[in-house]
Each structure stands twice: as structure tokens, then as C-alpha cells.
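# Survey of secondary and tertiary structure
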Protein chains: 2
Amino acid sequence: MKKNIITISREFGSGGRTIGKKVAEKLGIEFYDRDLIRKMVEESGLKEKYVEQYAEYAPSADRFAYSFVGLGEETVSPLMILWEAKKKVIQEFAQNSACVIVGNCADYILKDRDDCLKVFLYADEATKEKRIREIYGEVGLKQKNHVHDMDVKRGINYNYFTGQEWGRAQNYDLALNRGSLGIDKCVELIIEAVK
Amino acid sequence: MKKNIITISREFGSGGRTIGKKVAEKLGIEFYDRDLIRKMVEESGLKEKYVEQYAEYAPSADRFAYSFVGLGEETVSPLMILWEAKKKVIQEFAQNSACVIVGNCADYILKDRDDCLKVFLYADEATKEKRIREIYGEVGLKQKNHVHDMDVKRGINYNYFTGQEWGRAQNYDLALNRGSLGIDKCVELIIEAVK
């Protein structure tokens, strides 16, 4: 079946946004990035800063990060409101038109669609550090631990809401090492995969 | 750098041999499969049956599988002789000409070569079962647990000799879901990756 939707999960600093944008441009389809945040803010009624901070990242980098979220029907925490908004927004985007969606558990949210290609991007530490320096400057580099925290927090967030292990190859259709393959080759391979 | 060597690690039943052979044919390069066993037998002096049984599979499917191998300089077990033979044979194959090598920790053994593309192939259980039925008939299917054992034993073998986690996307350049992508698409993507 032809793939209309491409979800890109990625390690922090592996160039997921850049690759996703290039793929969307080459295929002439939508690329959802800031729009996703904007729509989640609208849908959830939460502040933009809160959505940015918690849409993809657990509140802390340990396994107790979601201890106080509360999953009972009677307790509705902002984190659960955010998750429900995210699901709704991503399903609507995918329904409306062919598109590329980066992060946000989109691979899991759209898992029942046959027309969805699930990609995971990763890279070696040196490649990610170089990328982080380019984008966030020396401040980013000085907080090297911060880099790992970003991925740990993404992993905990993903695992909590999906019950799956983040970054396990078997959850995706295609997992690409952006460090060894380079950005342009990753773009080509994703396009080849949906052809 | 141009990739001359392609290593294919794979889950049991994911079609690694078929895909590797097709890739080699299309690229006009060597495909090492039975030759690998034959050369390991020559190099190690061990019986063919022993090499077939233990080259890729741990003696048992638990974490104590290698408890009695003995890694001290004074104890040389057949399993260690086999590992040394495997390293030598794979390094020689890679040195001699462009080729595709399936399994046998080749990705790890050739990790210092820049001209090596490391691929991991996996598939959902239904796809693997179908494949196993086609190749091994109903006998294979009746022993469904056997399927899992094969991968567990491969994983333990890989982990013991390489210190790395088998099937972790980050160890490879490219990880492909043969279940969702299909055999021909996997072949195309591997060829696209080395172009």
C-alpha cells in the first residue's frame, strides 16, 4: 500500500527536523512541526510553554517521572489533557492530507493506518554533539548531560503513553543511522521507501 | 566513502539470506553463506556439524549459556577456537573482494572498516512464521517456541562475543522491517544505501 504519512522519531541532535522537512519538500507534502504545537495549544487550552516543555519530554529523567499523573477516570491531569489533544491533532493532520510528522509518538498514534511509514533516526554521540553545537551553540555543548537527558525524557514519555520501548528497531519500518549515512542519504532512503 | 562490504544481521525467518543473495546478484559482488561454514571448518579443524550448530547460536537459550567457555589464556574451548576462526575468515573475505556476509557477528568483526554497511533485518511474528513454514514446513511451525529460541540464542551468542546488544538499531547503519516493507523493497533500499 502506498504510504501517505511519514512519522519520524529521532534522537535529540540527529537532524530529524531537517530530514523531515527535506522529505516533505521533495514529495510535495505537508510538514508538521510548529503547527503541531500551535494546534495542541488550541485543542488543550494549555499554555504554549507547557505544551513545548511536556509534549515530548517526561517531567524528569527517572522512571518515577509520571508517578503523579493519575490515570483514574476522576483525575485528569494537564499531562493527560495534553496527550489526548496530541492524539486528536495528529489523527486529524493524518486524515487531512499526506504529511511528515516529527516526534510526538505519532508512529504509535497512527499505528492502525496501513499508509503510514514509521522511521527512526539515530546517530553516534559525536555527530549529535556537532549538530547540537551548530543549532544551540556552546551553551548546548556545555550541558552535555542535558543532551542525554533529552533522549531519556523522550524515552520515558514515549514508553509511558505507548507501552512500547522508544528506539527499538522492531517498532519502526525503517531505522537510519544519520551519523554514518548523512542527511541527504537518509532523505533519499525515506523517499525510496514510500515510492 | 563507498561501501564495498554489506553485513546483514537478521531475525530468524526475516528473509536475510534471500535478501542478501539478491543484493549481491544485483551489485555483482560475492555472497558468502555456505562458503563461510566451509572455511570456518577448514580454519578451525572442528566438525562441520559443530560449526553449523554453534557458529551463530549459543549452546542454550539462557544467560548462563557461555558459563563454561573459559576465557583464560590457558583454557581454549572449541567455542573460542570457532570464534577466532570466524574472525579470521570474515576478515579475509572482506579483504579479498566486495561482498555480502549474512550473520556471524560480521558487523562487529568488521566494525573498524569504513567501507562496511551494517544492516539489520527484522519482521513481525506473522511474517516470520509464514517464512518459516515455507522453508521448514509444518515441522518448523509446530515448534513455534523454537523460532524464538533461535533468536534468543543468536542474541546471547552476539552479546557474549561482541559485548553489544543484538538488534539494537544504534549498532547498525540501516534497520529494515522486512514484514512491512517486503523483500524487494529491502533489496532496493540496501542498494540505494551503498550507491
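To start, this report covers the structure provided alongside it. Because the structure is a prediction, the values reported are computed rather than measured.

Moving on, we get to the overall build of chain A. Across its full length, chain A carries nine helices and five strands. Over its C-alpha atoms chain A spans a radius of gyration of 16 Å, differing by no more than 12% from the 16 Å that the globule rule assigns to 195 residues. Reported as C-alpha extents along the three principal axes, the dimensions of chain A are approximately 50 × 45 × 30 Å. Sorting the 195 residues of chain A into buried and exposed places 53% on the buried side. Accessible surface computed for chain A: about 9,600 Å², of which carbon and sulfur atoms make up 48%. Where the 31 positive side-chain charges of chain A centre and where its 31 negative ones centre are 3 Å apart.

With 72 residues, the main nonpolar core has A:M40, A:V51, A:I101, A:L110, B:M40, B:I101 and B:L110 as its most contacted residues. Ignoring sequence-local partners within four residues, the contact set of A:I101 consists of A:I6, A:T7, A:I8, A:Y32, A:L36, A:I90, A:F93, A:A106 and A:L110. By size, the runner-up hydrophobic cluster in this structure holds 44 residues, among which are A:L121, A:L174, B:I183 and B:C186.

Rotating chain A by 180° and translating it 0.0 Å along the rotation axis places it on chain B, where the RMSD comes to 0.0 Å. These values place the two chain copies in the arrangement generated by a two-fold rotation axis.

Another point: the packing of aromatic side chains. Using the criterion set out here, one finds 14 aromatic pairs over all chains in the structure. For the pair B:W83 and B:F161, a centre-to-centre distance of 4.7 Å together with 20° between the ring planes defines the contact as stacked. With a gap of 78 residues between them, B:W83 in helix α4 (residues 78-96) and B:F161 in helix α7 (residues 144-162) connect regions that are remote in the sequence. Taken as a pair, B:W83 and B:F161 share a single burial class, namely buried. In this structure, A:K111 packs its charged tip against the face of A:Y108, placed 4.4 Å from the ring centre.

Residue and element names in this part refer to chain A. Extensive coverage of strand β1 (residues 5-10) is indicated by the burial of six of its six residues. Side-chain alternation along β1 places I5, T7 and S9 on one buried face and I6, I8 and R10 on a second face that is also buried. In the sheet, β1 pairs with strand β3 (residues 99-102) via four bridges, with the strands oriented parallel. In the sheet register, I6 faces β3, and the bridge partner there is V100.

Let's shift gears to the interface of chain A and chain B. Chain A puts 21 residues into the contact, and the matching count from chain B is 21 residues. With both chains or domains summed, chain A and chain B bury close to 1,800 Å², and 49% of this area falls on carbon and sulfur atoms. A per-residue breakdown of the area chain A buries against chain B is headed by A:Q170, A:D173 and A:E192, which together make up 27% of the total. In this structure, the connection of chain A to chain B is made through zero salt bridges.

With mixed pairing, the 10 strands of this open sheet are ordered in space as β2(A)-β3(A)-β1(A)-β4(A)-β5(A)-β5(B)-β4(B)-β1(B)-β3(B)-β2(B). In this open sheet, the two edge strands, each paired with only one partner strand, are β2 (30-32) of chain A together with β2 (30-32) of chain B. Going from strand to strand, the sheet's axes swing by 20° on average, the running direction of each strand aside. In this fold α4(B) packs onto β1 (5-10), β2 and β3 (99-102) of chain B, with an angle of close to 160° to the strand it touches most, β3(B). Along the sheet face, helix α9 (residues 183-194) of chain B touches β5 (174-177) of chain A together with β1, β4 (116-122) and β5 (174-177) of chain B and points at about 165° away from the line of β5(B).

This structure, assessed with the given rule, holds 32 salt bridges over all chains. Across the pair A:R38 and A:D35 runs a salt bridge, and its minimum N-O distance is 3.6 Å. Taken as a pair, A:R38 and A:D35 lie in helix α2 (residues 34-44) at a separation of three residues, close to a single helical turn. On the basis of relative accessible area, A:R38 is assigned to the partly exposed category, the value being 47%. For B:K195, the salt bridge goes to B:E192, with nearest N and O atoms at 3.4 Å. For B:K195, a relative accessible area of 68% gives the class exposed. Judged by its relative accessible area of 12%, B:E192 is buried. By sharing partners, the salt bridges in this structure join A:E11, A:E125, A:K128 and A:D151 into a single network.

Glancing now at the packing of helix α9 (residues 183-194) of chain A against α9(B). Where α9(A) contacts α9(B), the axes come no closer than 10 Å and their chain directions differ by 160°. The orientation of α9(A) with respect to α9(B), classified from their angle, is roughly antiparallel. When the axes of α9(A) and α9(B) are compared, the crossing they make is right-handed. Seen from α9(A), the contacting residues are A:K185, A:E188, A:L189, A:E192 and A:A193; seen from α9(B), they are B:K185, B:E188, B:L189, B:E192 and B:A193. Looking at side-chain class alone, the contact of α9(A) with α9(B) contains four nonpolar, no polar and six charged residues.

Now for the packing of helix α1 (residues 16-27) of chain A against α9(A). Residues and elements named next belong to chain A. One can describe the packing of α1 onto α9 by two numbers: an axis separation of 9 Å at closest approach and a directional angle of 50°. Looking at the two axes, α1 sits oblique to α9. Where α1 crosses over α9, the handedness of that crossing is right-handed. Contact residues: α1 offers T18, I19, K22, V23, K26 and L27, while α9 offers I183, D184, C186, V187, I190, I191 and V194.

Parameters at a glance
Residues numbered from 1 in each chain as written. Chains lettered and ligands numbered in written order. Predicted model: local features only at pLDDT ≥ 70, side-chain atom pairs only at ≥ 80, totals over all residues. Heavy atoms only, no water. Helix = DSSP H or I, 4+ residues; strand = E, 2+ residues; numbered from the N terminus. Rg over C-alpha atoms; globule rule 2.2 N^0.38 Å. Buried < 20%, exposed > 50% of the residue type's maximum accessible area, 1.4 Å probe, protein only. Areas by Shrake-Rupley, 256 points an atom, 1.4 Å probe, with all protein chains shown as cover. Lys, Arg positive; Asp, Glu negative; His and termini not counted. Charge placed at Lys NZ, Arg CZ, Asp CG, Glu CD. Core = buried A, V, L, I, M, F, W, Y, C linked by side-chain atoms within 4.5 Å. Contact = heavy atoms within 4.5 Å. Least-squares fit on C-alpha atoms with pLDDT ≥ 70 in both. Phe/Tyr/Trp six-rings, centres within 6.5 Å; stacked < 30°, edge-to-face > 60°. Lys NZ or Arg CZ within 6 Å of the ring centre and 35° of its normal. Pairing = 2+ DSSP bridges. Buried area = accessible area lost by both parts, 1.4 Å probe. Salt bridge = Lys/Arg side-chain N within 4 Å of Asp/Glu carboxyl O. Axes fitted to C-alpha atoms, helices over the stretch in contact; angles between N-to-C directions. Parallel < 35°, antiparallel > 145°, perpendicular 65-115°, else oblique. Left-handed = near helix turned anticlockwise from the far one by under 90°. Nonpolar A, V, L, I, M, F, W, Y, C, P; charged D, E, K, R; others polar.

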